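A closer look at the structure
As a plain string of letters, each chain reads:
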Amino acid sequence: MVVKHTPHTVYKLKDGTIVPSVTGIIGALGWDKEILLGWTRKMLRAGKDPLAYRDSAGAFGDLVHKYVETGDVGVTTDTIELLSDAQRADALRAYTRYQEWAAQHHLTIQDQELRLVSETYRFGGTIDAVAELDGAPTLLDVKTSSHISEAHRIQIAAYKHLYHDVHGIWLQPILLHLDRKGTEALEPYPMGPLEAEWEAFTLLLRLNELKKTLSPFDFSDM
């Protein structure tokens, strides 16, 4: 089965107003800018293409997510050609770590790739999965990045509040970090109450609204 890459999702309120996405809002955070610039410089000095690496990492994440979503190790995506045979094997091993973790728990997936829009806070997002985990309503988010950052925690906090605003239910958030080589056992990343992370997201939402009111500086009058 081939799963095609979905186009950029547009989130709309009930009245048709387009609202920003969780990832779009967090993308303006900029906390990792210096790290990203340093990494890009290091890649270029080594004669490597940072954009090609980025695309390959994205394709790897796409494939692992599809394994988790479908439970089908024969699934493929339209970005799989960006991966080497070794990377595809790594993706399969990472999925195996997920299966091993799931087998240790009572896990019932209720929704996957759940697209929601908050009428209250005016933003949208897509949650990887909503499940019952050991009897508790749970928000599952799968990450294949090299590390977990503050931005990831802010993202989970936004999804938690998004689901509550739409359905009136608080989910316990669980971040599942799958290492890219699939050599380490999967352990849920501790989330905590995420109060500061939610506050950070609401401030980012406000900044996004303020940005719309700011006009570019006009140099023609100088």
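In the block above lies the structure referred to throughout.
Per-chain numbering applies: the sequence of each chain, read as written, is numbered from 1 onward. The predicted nature of this model means local features are confined to residues of pLDDT at least 70 and side-chain atom pairs, given and counted, to a pLDDT of 80 or more, with totals for whole chains, interfaces and linings taken over all residues. To obtain the side-chain values, all non-hydrogen atoms of the structure were used and water was disregarded.

**Considerations on the overall build of the protein**
Defined as follows: Per the convention used, a helix needs a DSSP run of H or I reaching at least four residues, while a strand needs a run of E reaching at least two, with both numbered from the N terminus. We take the radius of gyration over the C-alpha atoms and set the globule estimate at 2.2 Å times the residue count to the 0.38 power. Where accessible areas are quoted, they stem from the Shrake-Rupley method and a 1.4 Å probe; at the residue level, only the protein chains shown are allowed to cover.
Helix and strand content of the protein: six helices and nine strands. Whereas a compact globule of 222 residues would reach a radius of gyration of roughly 17 Å, the protein reaches 19 Å, a difference of no more than 12%. In terms of overall dimensions, the protein has a C-alpha envelope of 65 × 50 × 30 Å along the principal axes. Of the roughly 13,200 Å² of accessible surface on the protein, 55% is carried by carbon and sulfur atoms.

**A short note on empty space enclosed by the protein**
To find leftover empty space, one rolls a probe the size of a water molecule over the atoms. Here is the rule: Every definition here rests on a 1 Å grid over the protein atoms only: cavities are sets of points where a 1.4 Å probe fits but cannot get out, pockets are open sets enclosed by protein on both sides within 12 Å along at least five of seven lines, and lining residues have some atom within 4 Å of a point. Grid points are joined across faces, edges and corners, and a volume is the space filled by probe spheres set on the points. Residues are sorted three ways: Asp, Glu, Lys and Arg are charged, Ala, Val, Leu, Ile, Met, Phe, Trp, Tyr, Cys and Pro are nonpolar, and all the rest, Gly among them, are polar.
Applying the stated criterion across every chain yields a total of one cavity of 30 Å³ or more. Approximately 100 Å³ is the volume found for the largest cavity. Along its surface, the largest cavity is lined by H65, V68, E69, Y98, I109, Q112, E113, D128, A129, L140 and V142. Taken together, the residues that form the lining of the largest cavity break down as six nonpolar, two polar and three charged.

**As for the packing of aromatic side chains**
Each pair of aromatic rings is reported with the distance of its centres and the angle of its planes. Short version of the rule: Whether two aromatic rings pair depends on their centres lying within 6.5 Å, for rings of Phe, Tyr and Trp, where Trp uses its six-membered ring; planes under 30 degrees apart make the pair stacked, over 60 edge-to-face, and the rest tilted. Exposure categories follow from relative accessible area, calculated using a 1.4 Å probe and restricted to protein chains: below 20% of the type maximum is buried, above 50% is exposed, and the middle band is partly exposed.
Applying the stated criterion across every chain, the model contains eight aromatic pairs. With a centroid separation of 6.5 Å and an interplanar angle of 50°, the aromatic rings of F123 and W198 are classed as tilted. Placement of the pair is F123 in strand β6 (residues 123-133) and W198 in helix α6 (residues 195-213), with a sequence separation of 75 residues. With respect to burial, F123 and W198 carry one shared label: buried.

**What to know about helix α4 (residues 85-103)**
What counts is decided by this rule: To estimate how far a helix should extend, the number of its residues minus one is multiplied by 1.5 Å. As used here, the arc is the angular range of directions from the helix axis to the C-beta atoms.
Here α4 contains 19 residues, and its C-alpha end-to-end distance of 27 Å stays within 8% of the 27 Å for a straight helix at 1.5 Å per residue. Burial in α4 covers these residues: D90, A91, A94, Y95, R97, Y98, W101 and A102. Down the axis of α4, the smallest arc covering the buried residues is 150°, so these residues share one side. Across α4 from its buried face, at more than 90 degrees, point the exposed residues D85 and A103.

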